[in-house]
Amino acid sequence: MTALPIADALRTTPAPGSSGAHRRILAGMEKDRSTLKAVLVGLGAVLYGASPIDLVPEILAGPLGFGDDAVVLIGAGVAIWRIMRNRNARRRAAAAQPAPPQYWPSESPR
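For every chain, the first residue of the written sequence is number 1, and numbering continues from 1 along that sequence. Residues qualify for local features only when their pLDDT is at least 70, as the model is predicted, and side-chain atom pairs are given and counted only at 80 or more; totals for whole chains, interfaces and linings, by contrast, use all residues. Just so you know, side-chain values use all the structure's heavy atoms and leave hydrogens and water out.

What counts, and what does not: UniProt positions are given in the numbering used here, feature names are shortened, and annotations may be inferred rather than shown by experiment.
Regarding the chain, the relevant UniProt record gives this comment under Subcellular location (unreviewed entry): "Endomembrane system".

Following this line, the structure appears as structure tokens:
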């Protein structure tokens, strides 16, 4: 028996009484992983800020020890802003392109 990736397992396993919202979320994430990237960057920054292991420990440097935490949080904010800005630009560019012509199944392009 082979193991399914989490996305495949969620896609194929219906939750009792669910509206299928998880399928819509996963379908959107398959095309564009920028939201996932932004969440992971933010989570990493929060974990670094909460971690007792720092480049400049607060115990030794006092208030200056929070400087590296602030730099990481600001850097993560900038990174998330850039990820989302690029995502929005890609979506606007995709919306500006005309849709390809649609053919009936019995017709074929000539």
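### So, the overall build of the chain
Here is the rule: Under the scheme used here, helices are H or I runs from DSSP no shorter than 4 residues and strands are E runs no shorter than 2 residues, and both carry numbers assigned from the N terminus. Only protein chains enter the accessibility calculation, which uses a 1.4 Å probe; a residue whose area is less than 20% of its type maximum is buried, one above 50% is exposed, and one in between is partly exposed. The contact criterion used throughout is that any non-hydrogen atoms of two residues lie within 4.5 Å. Here, Shrake-Rupley sampling with a 1.4 Å probe gives the accessible areas, and only protein chains in the shown set may cover a residue.
Assigned secondary structure in the chain consists of five helices and zero strands. Ordered by position in the sequence, the α and β elements of the chain form the string α-α-α-α-α. Burial analysis of the chain (110 residues in total) assigns 13% to the buried set. Residue pairs in contact within the chain that sit at least 24 positions apart in sequence constitute 45% of those at least 6 positions apart. Accessible surface, the chain as shown: approximately 9000 Å² in total, 69% of it carbon and sulfur.

### Here's the deal with the confidence of the model for the chain
Keep this limit in mind: Summary of the metric used: pLDDT quantifies the predictor's per-residue confidence within the range 0 to 100.
Mean pLDDT over the chain stands at 77; residues scoring 70 or higher make up 65%. Within the chain, helix α3 (residues 34-50) carries the highest mean pLDDT (91), whereas helix α1 (residues 6-12) carries the lowest (59).

### A short note on the UniProt feature "transmembrane region" (unreviewed entry) in the chain
In this structure's numbering, the residues bearing the UniProt feature "transmembrane region" (unreviewed entry) are residues 59-81. This span, residues 59-81, is 83% helix and 0% strand, and a straight line between its end C-alpha atoms measures 32 Å.

### As for the environment of I74
As for its placement among the helices and strands, I74 is situated in helix α5 (residues 66-96). C-alpha separation for the pair I74 and A45, spaced 29 residues apart in sequence, amounts to 9.0 Å.

### A look at the UniProt feature "domain: DUF1232" (unreviewed entry) in the chain
This chain's UniProt record puts "domain: DUF1232" (unreviewed entry) on residues 40-74. Along residues 40-74 the backbone is 69% helical and 0% strand, and the end-to-end C-alpha distance reaches 15 Å.

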